[in-house]
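Inside the fold
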Amino acid sequence: MSKKGAAMTAAATVRLLVGAGKAAPTPPVGPALGQKGVKSMDFCKLFNDQTKDLTPGIPITAIVTVNPDRSFTFVTKTPPTAWFLKQVTGIEKGSARPSETIVAEMSLKHVYEIAKIKAKDPGFVGVPLEKVCSRVIGTARGMGIKVVA
């Protein structure tokens, strides 16, 4: 079977990072879904309706599964860990050299609170909270944020 025929029989997955309640058929949503043959306006209406209770503009990851008949389903996740860390520490971006330059400090209490939120993600189902905390600490270190007790 040709590659073109194989692509039409399998479901495609598109990962989007969109502000809560602010999805519009403009880039990045429109082109990403348009390539798969999905009407981006349909996705935008459903996404905005599902995220209307959240604070507008919070970045939400949406995993869109596009079926061969151009129908789609999507799952929303919590905001990226880096976004939470920037909100807690008040920085605009992480360090360019995280092993050499510390740009902020945060407490373990904040790590725990972020981990409790991230534990609700589908990717962390069945993962102990301790492991989620270590992932949050790893992301913090990678951004040049020092975690203190």
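Preceding this paragraph is the structure being described.
Residue numbers run consecutively from 1 along every chain, following the written order of its sequence. Local features in this predicted model are restricted to residues of pLDDT 70 or higher, and side-chain atom pairs are both shown and tallied only at a pLDDT of 80 or more, whereas totals for entire chains, interfaces and linings draw on every residue. Computation of side-chain values covers all heavy atoms of the structure but excludes hydrogens and water.

**Here's the deal with the pattern of salt bridges**
Between Lys or Arg on one side and Asp or Glu on the other, a salt bridge is scored when a side-chain nitrogen of the former is within 4 Å of a carboxyl oxygen of the latter. In total, this model carries 4 salt bridges according to the counting rule given. The salt bridge involving K116 is made with E113; its shortest N-O contact spans 3.8 Å. Here K116 and its partner E113 are both found in helix 5 (residues 108-118), 3 residues apart, which amounts to about one turn of the helix. K118 is the salt-bridge partner of D121, the closest N and O atoms lying 3.3 Å from each other. Neither D121 nor K118 differs from the other in exposure class; each is buried. Helix numbers and strand numbers start at the N terminus; a helix is a DSSP run of H or I with at least 4 residues, a strand a run of E with at least 2. Between buried and exposed lies partly exposed: a residue is buried under 20% and exposed over 50% of the maximum accessible area for its type, with that area taken using a 1.4 Å probe on protein chains only.

**Overview of helix 5**
Of the positions making up helix 5, those classed as buried are V111, I114, A115 and K118. Buried residues of helix 5, viewed axially, fall in a sector of 100°; they line one side. Here the buried face of helix 5 lies against helix 4 (81-89), strand 4 (104-107), helix 6 (129-143) and strand 5 (145-148). Note that the arc is computed from the directions linking the helix axis to the C-beta atoms. Whether two residues are in contact is decided by their heavy atoms, any of which lying within 4.5 Å being enough.

**A few points about the side chain of T81**
Topologically, T81 is positioned in helix 4. Sequence-distant contacts of T81, defined by excluding residues within four places in its chain, comprise I114, K118, V136 and T139.

**Topic: helix 6**
If you check helix 6, its first and last C-alpha atoms are 21 Å apart, about what 15 residues at 1.5 Å a residue would give, namely 21 Å. Of all the residues in helix 6, the buried ones are V132, C133, V136, I137, A140 and M143. The buried residues of helix 6 occupy an angular sector of 140° when the element is viewed end-on, so they sit on one face. Away from its buried face by more than 90 degrees, helix 6 exposes E130, K131, R135 and R141. Taken together, the buried residues of helix 6 touch helix 4, helix 5 and strand 5. The first or second residue beyond helix 6 is G144, which carries a positive phi of 85°. Helix span is expected to be 1.5 Å times the residue number reduced by one.

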